[in-house]
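# Summary of structural features
Now for the letters of each chain:
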Amino acid sequence: MLLTAPSGNLFGLSQNAGMGWEPQKLLGSEVLILSTHGGLRAADGKPIALGFHTGHWELGALVAEAAITLKALDAIPFAGACTDPCDGRTQGTTGMLDSLPFRNDAAIVLRRLMRSLPTRMGVIGIATCDKGLPAMMMALASAGELPTILIPGGVTLLPESGEDAGKVQTIGARYANKQITLEAAAEMGCRACATPGGGCQFLGTAATAQVIAEALGMALPHTALAPSGQPIWLDAARRSASAILRLHQLKIGTHDILTQASLKNAMVAHAAFGGSTNLLLHLPAIAYSAYLKRPVASDWAEVNRQVPRLVDALPNGPRNFATVQVFLAGGLPEVMLHLRRAGLLDTRVKTVSGETLDACLDWWESSSRRHELRKNLRQRDGIDPDDVIMDPDRARSRGLTATVCFPVGNLAPEGSVIKSTAIDPSLIDATGIYHHFGPARVFVSEESAIHAIKNSEIRENDVVVLVCAGPAGAGMEEIYQITSALKWLPAGKHVALLTDARFSGVSTGACIGHISPEALAGGAIGKLQDGDRIEIVIDREKLTGSVNLVGDAHEVFGAEEASRRLNARAPRDDLKPHPALPDDTRLWAALVQASGGVWGGCVYDVDAIVSLLEQGKRSEAS
């Protein structure tokens, strides 16, 4: 080594010895453990410094468990972290202006950390929540020949008495509408996060991303949605540490796991779970990072037409089981057993277990683990696991329908998205169609919209329109504060919402987001005025939909005339970005617009960006 190794490798050995590793064992296989861990806990678990959210609060325990296992196997673990923000904490604040852009920044940092340990033979990623987990998956997906494995950070448990972490975020709106007392709000606020670690108890973006990681084959079978802090959760770290060494021995790299077939499996799993619409942003970004073809809206629509929803989980119902109960019912492997029987999966794909998906599902079907956990759910909670994860016939009889629909129309010429399962069932007619006709109430800021909602200024049949909330306006903010507040209005289920922003995975109601082009890019949604008549039609059976301007405050037009008048209108004169929009986010918005925009996954397509810059140089020169 003295004759041929880079000086950095030699100095690295000196530092390893300086940090206390036994000099005789310095030439073992080096494995990098990256996490989104945040906060600082004392040995007894009490807080010394808080993290941004519970999701990453206990991840240090997973890092330690994986590292101890690696050391016992004569490998050398390294650990690094890039913590992540909380979409719940930043709802309605300027912190939300950094939320989605952070994902790209974190992925860059994590990739740089991976490359900055050039002697590593594999990477373990540990992450849980809304932006840190997609960022970690993007980073690992780029690893090519290098073996990588993801350990999902799990979920928090339900309170024995209290509300889940989704419902508790509505205490402000409910108090404003005199639905709860000050004392009740205080009591429920202290109970919702019943255990100190793990992602939220509902199938939002964080939980859906864990499912997607496992469905891609990036995580070991039955690790998504594990209860944080519990022995079965820690066991995932031990198994993953052993698995990364096996992948190295078998010469299985990340590019052997992430293929177009595994990507399709992940989309199928998303449909079967009824997952968060935010994965329409994240899965294309993961695909791009793995040098795969990015799925587009038509791909998602096709999958959702073919794949039945099989999981009854918060917030999609009908009974709204918590994520840990989905885990006990069998989690993703149980869902995949049904999907395999229906011929909807490619089970030949490899997984980080070193085995094919087919072999993993064979193991799961006859495993004692499956039997014991499903028995546990029956005995502890009195819940039949087959009511949580259903076969297609039972799911159909319980009224479970496909998840994602992509409405188009003169207000969304480039598309939009709605989680059609989140529409109140009482508003769906006998043919499976939701129809809404009403006047627009237009807001150019989230603050003004939430003020109107809390002060009972929104009426039945209104269509709340929030603009200037897309990438260029507010970093494509998540507006759960609004969707959750609408839910608790007396007439809330009869109010629709249109926006160029995005939604939390726990949002409910007739909420249409991702409307493109966004208002600040000249989109038609930025031309709407108060009182304009809007018609929304969603067919939950055929998964088709439309969102159109059909008249103004004085008269209703025909479709052709409405489109003509809309095209002739100038944009509103009050359109503007959020006054606190950071330059970092402005740069992000410009780069993602050049890279395929929202429907391209909000990535940085370097080739596309460089090409545009070169075109600009040529134009200047000419």
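Refer to the structure printed above.
These lines cover the structure that appears in this document, whether it is placed above or below. (Residues numbered from 1 in each chain as written. Predicted model: local features only at pLDDT ≥ 70, side-chain atom pairs only at ≥ 80, totals over all residues. Heavy atoms only, no water.)

This paragraph deals with the packing of helix H10 (residues 260-273) against helix H14 (residues 331-341). Packed helix pairs are specified by the crossing angle of their axes together with the interaxial distance, meaning the distance between the axes. Running from N to C, H10 and H14 cross one another at 100°; their axes reach a closest spacing of 11 Å. The orientation of H10 with respect to H14, classified from their angle, is roughly perpendicular. Contact residues: Val268, Ala269, Ala272 and Phe273 in H10; Gly331, Leu332, Val335 and Leu339 in H14. Here the residues of the contact of H10 with H14 sort into seven nonpolar, one polar and no charged. (Axes fitted to C-alpha atoms, helices over the stretch in contact; angles between N-to-C directions. Helix = DSSP H or I, 4+ residues; strand = E, 2+ residues; numbered from the N terminus. Parallel < 35°, antiparallel > 145°, perpendicular 65-115°, else oblique. Contact = heavy atoms within 4.5 Å. Nonpolar A, V, L, I, M, F, W, Y, C, P; charged D, E, K, R; others polar.)

Attention shifts here to the environment of Glu518. Relative to the assigned elements, Glu518 resides in the loop between strand E12 (510-513) and strand E13 (533-539). At 3.1 Å, the side chain of Glu518 and the backbone nitrogen of Ala472 are in polar contact. (Polar contact = N/O pair within 3.5 Å; in protein donor to acceptor, adjacent residues only side chain to side chain.)

To continue, consider empty space enclosed by the protein. Summed over all chains, the structure comprises three cavities of 30 Å³ or more. For the largest cavity, the calculated volume is near 110 Å³. Glu214, Pro221, Met336, Thr351 and Leu357 are, among the 15 residues lining the largest cavity, the residues nearest its centre. Elements with a minimum of two residues in the lining of the largest cavity: helix H7 (205-215), H14 and helix H15 (357-365). Of the pockets and cavities examined, the second largest cavity occupies roughly 70 Å³. (1 Å grid on protein atoms, 1.4 Å probe; cavity = no way out; pocket = protein on both sides within 12 Å on 5 of 7 lines; lining within 4 Å. Points joined across faces, edges and corners; volume = space filled by probe spheres on them.)

A few words now on the sheet that holds strand E9 (residues 433-443). Spatially, the eight strands line up as an open sheet ordered E7-E8-E12-E11-E10-E9-E13-E14, and their pairing is mixed. Each edge of the open sheet carries a strand with a single partner, namely strand E7 (404-405) and strand E14 (544-551). Here seven bridges tie E13 to E14, and the two strands are oriented antiparallel to one another. Pairing of Val537 across the sheet is with Ser546, part of E14. (Pairing = 2+ DSSP bridges.)

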